[in-house]
Amino acid sequence: MYEIHGSEVHPSEKFKQLIKERNVGMLWATYRADPWTKKTIANGLNPELAAKAGNALQKYVMENTRLGIPMFLAEEAPHGHMAIGTTVFPTGIGMAATWSPELVKEVGQVIAKEIRSQGGHISYGPVLDLTRDPRWSRVEETFGEDPVLSGTLGAAMVDGLINGNISRKNSTIATLKHFLAYAVPEGGQNGNQALVGMRELHENFLPPFKKAIDAGALSVMTSYNSIDGIPCTANSYLLNQLLRNEWKFRGFVVSDLYSIEGIYESHYTASSIEDAAIQAVSAGVDVDLGGEAYTNIYRAVKEKRLSEAIIDEVVCRVLRLKFEMGLFENPYVDPQIAIERVRNANHIANARRMAQASVTLLKNRHD
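Residues numbered from 1 in each chain as written. Predicted model: local features only at pLDDT ≥ 70, side-chain atom pairs only at ≥ 80, totals over all residues. Heavy atoms only, no water.

Trainee: Explain the layout of surface pockets here, please?
Mentor: To find the voids left in a structure, one rolls a probe of water-molecule size over its atoms. Computed from the structure, the second largest pocket encloses a volume of approximately 400 Å³. Residue lining of the second largest pocket: 20 residues in total, with Arg32, Glu76, Arg138, Glu141 and Lys177 positioned closest to the centre. Grouping the constituent residues of the lining of the second largest pocket by class yields 9 nonpolar, 4 polar and 7 charged. (1 Å grid on protein atoms, 1.4 Å probe; cavity = no way out; pocket = protein on both sides within 12 Å on 5 of 7 lines; lining within 4 Å. Points joined across faces, edges and corners; volume = space filled by probe spheres on them. Nonpolar A, V, L, I, M, F, W, Y, C, P; charged D, E, K, R; others polar.)

Trainee: Even after reading the chapter, I still don't get the pattern of salt bridges, so can you show me in this structure?
Mentor: Under the definition given, this model contains 20 salt bridges. Notably, a salt bridge pairs Arg22 with Glu292, separated by 3.4 Å at the nearest N-O pair. Highlighted residues: Arg22 in helix α1 (residues 13–22) and Glu292 in the loop between α10 (273–283) and α11 (297–302), separated in sequence by 270 residues. By relative accessible area, Arg22 is classed as partly exposed at 36%. When salt bridges that share partners are traced, they join Glu274, Arg299, Glu303 and Arg305 into one network. (Salt bridge = Lys/Arg side-chain N within 4 Å of Asp/Glu carboxyl O. Helix = DSSP H or I, 4+ residues; strand = E, 2+ residues; numbered from the N terminus. Buried < 20%, exposed > 50% of the residue type's maximum accessible area, 1.4 Å probe, protein only.)

Trainee: Explain the pairing of strand β6 (residues 173–179) to me, please; I cannot follow it from the model alone.
Mentor: Here is the key point about a regular strand: its side chains alternate between the two faces of the sheet. Judged by how many residues are buried, β6 sits mostly within the fold: 7 of 7 residues are covered. Relative to strand β7 (residues 219–222), β6 runs parallel, the two sharing 3 bridges. Among the inter-strand pairings, Leu176 is bridged to a residue of β7, identified as Val220. (Pairing = 2+ DSSP bridges.)

Trainee: Explain the side chain of Glu274 to me, please; I cannot follow it from the model alone.
Mentor: Within the fold, Glu274 resides in helix α10. Separated by 2.6 Å, the side chains of Glu274 and Arg299 make a polar contact. Those residues in contact with Glu274 that sit more than four places away from it in its chain are Asn296, Arg299, Ala300, Glu303 and Arg305. (Polar contact = N/O pair within 3.5 Å; in protein donor to acceptor, adjacent residues only side chain to side chain. Contact = heavy atoms within 4.5 Å.)

Trainee: Could you clarify how one ought to interpret the nonpolar core in this entry?
Mentor: Within soluble globular proteins, side chains that are nonpolar generally end up buried alongside one another. Ranked by internal contacts, the top residues of the largest apolar core, which has 86 residues, are Phe72, Phe179 and Leu180. Those residues in contact with Phe179 that sit more than four places away from it in its chain are Leu206, Phe209, Val220, Met221, Thr222, Ser223, Cys232, Leu238, Leu239, Leu242, Leu243 and Trp247. Grouped together as the second largest cluster of nonpolar side chains are 17 residues, Leu45, Ala53, Tyr60 and Met71 included. (Core = buried A, V, L, I, M, F, W, Y, C linked by side-chain atoms within 4.5 Å.)

Trainee: Whenever I open this one, empty space enclosed by the protein confuses me. Can you help?
Mentor: Counted according to the given criterion, the structure contains 1 cavity of 30 Å³ or more. By volume, the largest cavity is sized at about 40 Å³. Every residue lining the largest cavity is listed: Leu128, Asp129, Leu130, Leu180, Ala181, Tyr182, Ala183, Phe205 and Phe209. Looking at side-chain class alone, the lining of the largest cavity contains 8 nonpolar, no polar and 1 charged residues.

Trainee: How should the packing of aromatic side chains be read in this particular structure?
Mentor: In this description, an aromatic ring pair is defined by two values, namely the gap between the centres and the angle between the planes. All told, the structure shown has 8 aromatic pairs when counted by the stated rule. When the centroid spacing of 6.0 Å and the interplanar angle of 65° are considered together, the rings of Phe15 and Tyr60 count as edge-to-face. Taken together, the residues Phe15 in helix α1 and Tyr60 in helix α2 (residues 47–63) connect sequence positions 45 residues apart. Residue classification places Phe15 among the buried residues on the basis of a relative accessible area of 0%. Taking the centre distance of 4.1 Å and the plane angle of 10° together, the rings of Phe323 and Phe328 count as stacked. Judged by relative accessible area, Phe323 falls into the partly exposed class, the value being 45%. A residue is classified by how much of its surface remains accessible, and Phe328, at 26% relative accessible area, is partly exposed. Site record: aromatic cluster; members linked through ring pairs are Trp136, Tyr182 and Tyr224. In this arrangement the basic side chain of Arg132 is found over the ring face of Phe205, its NZ or CZ atom lying 5.7 Å from the centre. Over the ring of Phe72 we find Lys322, and its NZ or CZ is 5.4 Å from the ring centre. (Phe/Tyr/Trp six-rings, centres within 6.5 Å; stacked < 30°, edge-to-face > 60°. Lys NZ or Arg CZ within 6 Å of the ring centre and 35° of its normal.)

Remember that the coordinates give geometry; whether it matters functionally is a separate question.
So this is what it looks like as structure tokens:
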């Protein structure tokens, strides 16, 4: 997405082509550094360069697109911003071991400050999946198996991430992961069907999400699994009826990476990728994360297989939050602030307190 030239960052030709051909309105993991992205200290973005990259990409989009609408930059942040030079906290299961909403809220505040100071807007997390099967591969990301603890800590994290109101420069849009019953797949295999009934969903798996949404979360990410044969990324009951009609959720829903393609390729409940896209957007998925499924939507509308009114609603939900966050008035950040704020002494002290509080002493009893 970007090219680094000394101390400056510029949009890459790949990014320019993406904007021209796809009309992209949101990017994911622009600053992410890990083996998957192949970004390291040698070729990735430190906090100053990250802020410059965000500014450069934002400037290009606003000056080279028909409507000049600023982009959302979404970043992974399950236990700190997943980028170079940021503050790292214990994983979700470690934070859960503190039993401290106060400390978790402080973590959320740090994450929000560090992401926003680098030009990001959306934080992916907290992870509210209830882990009932230790064979599942992502247990450490969660707050554990208890819905009360997960809901309490999830709400505290959201409280810190939004930091009063998303219009503030120290706040992010919190994205709750993963909707729904993702951590109890058949056989412990990631993305398999979840064998849970309606009562179990409402008694255990839904309450943590409800509590976090009541705390101010404005984004929800769908999961790879299915429930009762319906992929969660195409489940209108969960996304339209429950989230929007019953819970009055006013944010937007984003797919997990390629989970819309998964409706066709993994669950086999769609006849094509295009059909999968129609199912997902009709079910209430507003944003396609990382895939190409939604590139089919324009043709589906033109051919009268998808109502334009549905697209109007989708655009409204995302655009409203861009206005509320103040991106049209203040799309850029000051790189110097990123240098001063990211992983500063106070944030390191917060991480140390969280790590110390997460230490758990077990007693080997032979009763």
